[in-house]
Amino acid sequence: MLAAGLAVELADELVDGAKGAALPLIRHDLGLSYPQIGLLASVPLLVGGLLELPLGVLAGEGRRRRLAILAGGIVFVLTLLGAASARSFAVLLCAFIAFFPASGAFVSLTQAELMDTWPDRQAQVMTRWDLAGSTGAVAGPLLLAAVLATGGSWRDTYLALAGLAALAWLGLCLRRPRADDAAGADKATAGTTGETAGGASKAGAGGDGGAERSWRVRGREVLAALRDWGTVRWLVLLQVADLLVDVFTGFLALYLVNVGHLRPTVAALAIAIRLGAALAGDAALIVVLERVRDLTVLRVSAVAAALLYPGFLLVPGIAAKLVLLAVLSAATAPWYPLLQARLYGSLPGRSSAAVTLSSAAGLAGGLGPLAVGLAAQAFGLSWALAGLAAVPVAILAVSATARPAEASG
């Protein structure tokens, strides 16, 4: 079950990595303008994100969620085929928009299923999930390069991605949860008796678990979770942490070229170093978590980032900056898997609520790049990125309010 689930995340990040690298080819082939490229990035994120928002509540748990995962996987593959065959901006935009809710059903619900299956090892499972995603993000551009090297095009790359996604979907079809895994999921669901909003009844016995609850009950669970600081804490930290992970990565090349006055080739090398170091950090985290509590790792990494990030901004010299960037990237690698695992741990047996809340918080977190961009316009890019030094301090301060017993580590 775990291997099949990780294959789904790998396929999703392969698409994301290949898409970014293929945008120049797509633009040339379809004759797109820069505003149209911007729309391809923003409209699917907003519209698709809104469509994805109710998936967790509507899908629930058990058999209904499994059917939603498999249906989402079919649409996932179809959107890739649609992108490969697109001959106009409108068709490509529709394919990209449909990809987001399909990814939510196929990928996010699979993640929730894994969290329910291993309730006592959520941090460890999320670490493996993140490693699979990081591998896909790095391998995506390499896949595009390999296809181009054999005489193919970006369309052929999307066909290859559709084929790989279909294999991941088939793996989910063929692999059924083990009996002991299903029992663990049922135990987690049963443990929420009396905790669900509106006096929700205890889930029935059997592998279907929480699927017997209505979508209204699951909706009330989401509202109840929003009133629980133990859950809101991790939602907020997930978005705050992303400022020094994905948002920082998005501005890194611009910073190195415009502020650091480095050549674009060096900036590209820095991006590669950052992705590679983050991948190494994900791999190391798997080993570390077998010996150290997740909260301890989170706090140590926050302290390290609080020292390394200002050092990266202030240190002169290309070599020193690249070394500090690599260590910083490895230090921040644990943030997403540990915080996401803590979010699920704060909602035992209510993973559907965690999926919906993650989608909603992700939409709000989409304002992060805009905030940094506006700050850069007003004060300069160097000062805008300097403000991100507050991120590890916030993570350290807020995580200090958590107790090890609140979630399995």
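Conventions adopted
- Residues numbered from 1 in each chain as written.
- Predicted model: local features only at pLDDT ≥ 70, side-chain atom pairs only at ≥ 80, totals over all residues.
- Heavy atoms only, no water.
- Helix = DSSP H or I, 4+ residues; strand = E, 2+ residues; numbered from the N terminus.
- Buried < 20%, exposed > 50% of the residue type's maximum accessible area, 1.4 Å probe, protein only.
- Areas by Shrake-Rupley, 256 points an atom, 1.4 Å probe, with all protein chains shown as cover.
- Expected span 1.5 Å × (residues − 1).
- Axes fitted to C-alpha atoms, helices over the stretch in contact; angles between N-to-C directions.
- Parallel < 35°, antiparallel > 145°, perpendicular 65-115°, else oblique.
- Left-handed = near helix turned anticlockwise from the far one by under 90°.
- Nonpolar A, V, L, I, M, F, W, Y, C, P; charged D, E, K, R; others polar.
- Contact = heavy atoms within 4.5 Å.
- Bend = angle between axes of the 7 residues up to and from the residue.
- Core = buried A, V, L, I, M, F, W, Y, C linked by side-chain atoms within 4.5 Å.
- pLDDT = per-residue confidence, 0-100.
- Salt bridge = Lys/Arg side-chain N within 4 Å of Asp/Glu carboxyl O.
- Phe/Tyr/Trp six-rings, centres within 6.5 Å; stacked < 30°, edge-to-face > 60°.
- Lys NZ or Arg CZ within 6 Å of the ring centre and 35° of its normal.

Caption draft 1: Summary view of the overall build of the protein. Looking only at helices and strands, the protein has 18 helices and zero strands in total. Residues classed as buried in the protein amount to 48% of the 409 residues present. Summing over all exposed atoms, the protein offers an accessible surface of approximately 17400 Å²; the carbon and sulfur share of this is 70%.

Caption draft 2: Here's a closer look at unusual backbone geometry. Despite not being glycine, histidine 261 has its phi angle at roughly 60°, a positive value. Relative to the helices and strands, histidine 261 is located in the loop between helix H10 (229–259) and helix H11 (264–288).

Caption draft 3: Geometry of helix H12 (residues 294–314). The end-to-end C-alpha distance of H12 is 30 Å, a good match for the 30 Å that 21 residues give at a rise of 1.5 Å each. Along H12, the residues classified as buried are Asp294, Leu295, Val297, Leu298, Ser301, Ala302, Ala305, Leu308, Tyr309, Phe312 and Leu313.

Caption draft 4: Representation of the packing of helix H4 (residues 62–85) against helix H5 (residues 89–117) within the structure. Orientation of H4 relative to H5, taken along the N-to-C sense of each, is 150°, at an axis distance of 8 Å. Judged by the inter-axis angle, H4 sits roughly antiparallel to H5. Judged by the twist between their axes, the crossing of H4 over H5 is left-handed. Its residues assigned to classes, the contact of H4 with H5 shows 18 nonpolar, six polar and four charged.

Caption draft 5: Fine view of the environment of leucine 53. Of note, leucine 53 is situated in the loop between helix H2 (34–52) and helix H3 (55–59). Separated by 310 residues in sequence, leucine 53 and leucine 363 have C-alpha atoms that sit 9.0 Å apart. With sequence-adjacent residues up to four places away left out, leucine 53 is seen in contact with Thr356, Ser359 and Ala360.

Caption draft 6: Broad picture of H5. Across its 29 residues, H5 extends 41 Å between first and last C-alpha, which sits within 8% of the 42 Å expected from 1.5 Å per residue. The largest bend in H5 is about 30°, located at serine 103. Here H5 lies mainly inside the structure; 23 of its 29 residues are buried.

Caption draft 7: Up close: the environment of alanine 241. Here alanine 241 shows up in helix H10. Sequence separation between alanine 241 and alanine 394 is 153 residues, and the spatial gap between their C-alpha atoms is 8.8 Å. Look past the residues within four positions of alanine 241 in its chain and what remains in contact with it is Trp335, Leu339, Val391 and Ile395.

Caption draft 8: Spatial organisation of the nonpolar core. Among the nonpolar cores identified, the biggest contains 108 residues, and Phe76, Leu80, Phe248, Trp335 and Leu385 are the most heavily contacted of them. Per-element tally for this core: the top contributor is H5, with 15 residues. Ignoring sequence-local partners within four residues, the contact set of phenylalanine 76 consists of Asp12, Val15, Phe99, Ala102, Ser103, Phe106, Val107 and Ala165.

Caption draft 9: Expanded view of the side chain of arginine 274. Summarising the element assignment, arginine 274 is placed in helix H11. With residues up to four places along the chain from it excluded, the contact list for arginine 274 reads Leu244, Val245, Phe248, Thr249, Leu252, Leu325 and Ser329.

Caption draft 10: Spatial organisation of the confidence of the model for the protein. Taken as a whole, the protein shows an average pLDDT of 83; of its residues, 89% reach a score of 70 or greater. Note that residues 178–211 has pLDDT below 50 and, in this model, 50 contacts with residues that lie over four places away or in other chains.

Caption draft 11: Structural view of the pattern of salt bridges. Counted by the stated rule, this structure contains five salt bridges. The closest approach of N and O atoms between aspartate 294 and arginine 342, which form a salt bridge, is 2.9 Å. Pair noted here: aspartate 294 is in helix H12 and arginine 342 is in helix H14 (residues 335–345), with a separation of 48 residues, a long-range link. Each of Arg121, Arg128 and Glu290 takes part in a single network of salt bridges with overlapping partners.

Caption draft 12: Summary view of the packing of aromatic side chains. The final tally for this structure, using the stated rule, is seven aromatic pairs. For the ring pair phenylalanine 76 and phenylalanine 106, a centre distance of 5.3 Å and an interplane angle of 55° mean the geometry is tilted. Remark: phenylalanine 106 occurs in helix H5 and phenylalanine 76 occurs in helix H4; sequence separation between them is 30 residues. Neither residue differs from the other here; phenylalanine 76 and phenylalanine 106 are each classed as buried. Ring plane angle 85° and centroid distance 6.5 Å describe the contact between phenylalanine 99 and phenylalanine 100, whose orientation is recorded as edge-to-face. When its relative accessible area of 14% is taken as the criterion, phenylalanine 99 is described as buried. Linked through ring pairs, Phe76, Phe99, Phe100 and Phe106 together constitute an aromatic cluster. Note that lysine 19 overlies the ring of phenylalanine 96, its terminal NZ or CZ placed 4.4 Å from the centroid. In this arrangement the basic side chain of lysine 321 is found over the ring face of phenylalanine 312, its NZ or CZ atom lying 5.0 Å from the centre.

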